[in-house]
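Chains, contacts and geometry: an overview
Here's the letter readout for the chains.
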Amino acid sequence: MKLGVLLFEGFELLDVFGPLEMFGQIDDLNIDMVAEETGAIMSAQGPAAMAQELLSNKTDYDIILVPGGIGTRKEVDNIEVINWISSQASKAKYIASVCTGSALLARAGVLDGKKATTNKFAFS
């Protein structure tokens, strides 16, 4: 199985590395950090994570993880990111978001007709 973790400038460290602590315990699960560009992607807290895969590679994932963070406010208008989420959602077995990552899922249409929530300060 393959897990794709979306990275973008201003992602929340805990939203990525908290779930990866658990996912990393699963045998036969390959984890890719995916972004518009490979290399260091700065978190909201400063430390960077390394993206190994490009969104444009169109790799199919079984699981998608979309973190939150202050960067989601910019990414909701990033058509490449939104199209990637939408495309992955149509093929992946599981789509997960943490906190304001749900705004990106909503913008991609993944949450249409579903109940969802996020940080109460980001409801609007």
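Look a little higher up for the structure.
In this report, the structure presented in the accompanying data block is examined. This one's a predicted model, so the numbers in the text were calculated from it and none came from an experiment.

Calculation notes
- Residues numbered from 1 in each chain as written.
- Predicted model: local features only at pLDDT ≥ 70, side-chain atom pairs only at ≥ 80, totals over all residues.
- Heavy atoms only, no water.
- Buried < 20%, exposed > 50% of the residue type's maximum accessible area, 1.4 Å probe, protein only.
- Helix = DSSP H or I, 4+ residues; strand = E, 2+ residues; numbered from the N terminus.
- Arc of directions from axis to C-beta.
- Polar contact = N/O pair within 3.5 Å; in protein donor to acceptor, adjacent residues only side chain to side chain.
- Pairing = 2+ DSSP bridges.
- Core = buried A, V, L, I, M, F, W, Y, C linked by side-chain atoms within 4.5 Å.
- Contact = heavy atoms within 4.5 Å.
- Phe/Tyr/Trp six-rings, centres within 6.5 Å; stacked < 30°, edge-to-face > 60°.

On to helix α3 (residues 79-89), then. Along α3, the positions that sit buried rather than exposed are V81, I82, W84, I85 and Q88. The buried residues of α3 occupy an angular sector of 160° when the element is viewed end-on, so they sit on one face. Among the residues of α3, the N-terminal cap falls to N78, whose side-chain oxygen and the backbone nitrogen of E80 are separated by 3.0 Å.

So, on to the sheet that holds strand β7 (residues 94-97). Taking strand neighbours across the sheet as the criterion, the five strands line up as β5-β2-β1-β6-β7 in an open arrangement whose pairing is parallel. Every interior strand has two partners, whereas the edge strands, β5 (53-54) and β7, have only one. When strand β1 (residues 2-6) meets strand β6 (residues 63-66), the two strands line up parallel, connected through three bridges. Bridging across to β6, G4 finds its partner in I64.

General note: in soluble globular proteins, nonpolar side chains tend to be found buried as a group. Among the nonpolar cores identified, the biggest contains 33 residues, and L3, V5, L6, L7, W84, I85 and L104 are the most heavily contacted of them. Elements represented by at least two residues in this core include exactly β1, α1 (13-23), β2 (30-35), β4 (48-51), β6, α3 and α4 (101-107). For L7, the contacting residues outside a window of four places in its chain are V16, M33, V34, A35, I41, A49, M50 and A51.

Going through the model one piece at a time under the given rule, you end up with one aromatic pair. Centroid distance Y61 to W84: 6.4 Å. Interplanar angle 65°. Geometry classified as edge-to-face. A residue pair is termed long-range when its members are at least 10 positions apart, and Y61 in the loop between β5 and β6 and W84 in helix α3 qualify at 23 residues. For the residue pair Y61 and W84, the accessibility class agrees, reading buried in each case.

Right, let's get into the environment of P67. Here P67 shows up in the loop between β6 and α2 (72-75). With a relative accessible area of 0%, P67 lands in the buried category. Separated by 34 residues in sequence, P67 and G101 have C-alpha atoms that sit 4.8 Å apart. If near-sequence neighbours (up to four positions away) are discounted, P67 is found in contact with L6, F8, F11, D15, V16, T72, V98 and G101.

Any functional reading would require information that these geometric values do not contain.
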